[in-house]
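# Architecture and fold: a report
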Amino acid sequence: MTSSRKVLHALLILSFSNLAASKTKCLMATGVLKCPTDPHAVKKVHIDLWDEDSLPLESDDLMGRTWSDIHGNFRVTGCASDFGPINTPDPYIYIQHDCPHRDTNATDPIQIDVIPLFLPSIVNLGNIYLDRYIDD
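This is a predicted model, so every value here is computed, not measured.

### Topic: the overall build of the protein
Scanning the protein from N- to C-terminus turns up one helix and seven strands. Ordered by position in the sequence, the α and β elements of the protein form the string α-β-β-β-β-β-β-β. A burial count over the protein gives 33% of its 136 residues as buried. Split by element, the accessible area of the protein, about 8700 Å² in all, is 56% carbon and sulfur.

Here you go:
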């Protein structure tokens, strides 16, 4: 192999390795679940932290999972890597609950986008009312 071919081969390998590089980012989010229609429905609520992947043939990645305490408090942490050197995770919280909606008594899961502030910063979501939805 000639020296110019070796250099070209090395540059191709380097290009592909940079393209495949990804950044792992970790996030912590806290909050308090509220359910005025049934105050006991805030304990042991299932909360997932996901990374949205919108590229074709990709599915969202589970970053972390937790359950709320008896007062509705939660803290969920997790990490994710996205493809490419400048692409960072797009986190959201998915909450499965039994709090009846204030008008319809439905208990639809809630999805909340999370500001991508990565550790050491902590995202405080504040009070999350499970008995109402964004389109109310």
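So, next bit.
### Points about the nonpolar core
Within the largest apolar cluster, 22 residues are counted, with the highest numbers of intra-cluster contacts made by Leu 27, Leu 33, Ile 47, Ile 93, Ile 95 and Leu 130. Secondary-structure elements contributing two or more residues to this core are β1 (22-34), β2 (46-51), β4 (73-83), β5 (91-96) and β7 (123-129). Setting aside its immediate chain neighbours within four residues, Ile 93 contacts Ala 29, Ile 47, Asp 48, Leu 49, Val 76, Ile 110, Gln 111, Ile 112, Val 114 and Leu 125.

### Considerations on the sheet that holds β1
Strand order in the open sheet formed by three strands is β4-β1-β7, with mixed pairing between adjacent strands. The strands lining the two open edges of the sheet, one partner per strand, are β4 and β7. The average angle at which neighbouring strand axes cross in this sheet is 30 degrees, direction not considered. Here β1 runs beside β4; their pairing, made up of eleven bridges, is antiparallel. Looking across to β4, one finds that Met 28 is bridged to Thr 77.

### Remarks on the pattern of salt bridges
Scanning the model with the defined rule gives two salt bridges in all. With a closest N to O distance of 2.7 Å, Asp 48 and Arg 65 form a salt bridge. Of this pair, Asp 48 sits in strand β2 while Arg 65 sits in strand β3 (residues 61-67), placing them 17 residues apart in sequence. What makes Arg 65 partly exposed here is its relative accessible area of 43%. A salt bridge links Asp 131 to Arg 132, with the shortest nitrogen-to-oxygen separation between them at 3.0 Å. Among the residues examined, Asp 131 registers a relative accessible area of 2% and is labelled buried.

### Considerations on the sheet that holds β2
Ordered by their spatial adjacency, four strands build an open sheet running β3-β2-β5-β6, and the pairing between neighbours is antiparallel. Each edge of the sheet is formed by a strand with only one pairing partner; in this case those strands are β3 and β6 (110-113). Each adjacent strand pair in this sheet contributes to an overall mean axis angle of 20 degrees, direction not counted. Note: β2 against β5, six bridges, orientation antiparallel. When the bridges of β5 are listed, Asp 48 appears paired with Tyr 94.

### Quick look at the side chain of His 97
With respect to the helices and strands, His 97 occurs in the loop between β5 and β6. For His 97, a relative accessible area of 6% gives the class buried. Among the polar contacts listed, one links the side chain of His 97 to the backbone nitrogen of Cys 99, at a separation of 3.0 Å. Only 2.8 Å separates the side chain of His 97 from the backbone oxygen of Asp 108, close enough to count as a polar contact.

Rules behind the numbers
All residue numbers refer to positions counted from 1 along the written sequence of the respective chain. Selection of residues for local features in this predicted model requires a pLDDT of at least 70, selection of side-chain atom pairs for listing and counting requires 80 or more, and totals for whole chains, interfaces and linings are taken over all residues. The side-chain values count all of the structure's non-hydrogen atoms but skip hydrogen atoms and water molecules. For the purposes of this entry, the term helix denotes a DSSP run of H or I that reaches at least four residues, the term strand denotes a run of E that reaches at least two, and both are numbered from the N terminus. Exposure is judged per residue with a 1.4 Å probe applied to protein chains only, and the accessible area is read against the type maximum: over 50% gives exposed, under 20% gives buried, and values in between give partly exposed. Every accessible area reported is derived by Shrake-Rupley at a probe size of 1.4 Å, with residue values counting cover from the shown protein chains alone. Buried Ala, Val, Leu, Ile, Met, Phe, Trp, Tyr and Cys residues form a nonpolar core when they are joined through side-chain atoms within 4.5 Å. The contact rule is simple, with two residues in contact once any of their heavy atoms fall within 4.5 Å. Pairing between strands requires that DSSP locate at least two bridges from one strand to the other. To get an axis, a line is fitted to the C-alpha atoms, and for a helix only the part in contact is used. The angle between two axes follows their N-to-C directions and goes from 0 to 180 degrees. Salt bridges are defined by distance alone: a side-chain nitrogen of Lys or Arg within 4 Å of a carboxyl oxygen of Asp or Glu. Each polar contact in these results corresponds to two N or O atoms within 3.5 Å; when the atoms are within protein, one needs to be able to donate a hydrogen and the other to accept it, and residues that are neighboring in sequence are counted only if both atoms are side-chain atoms.

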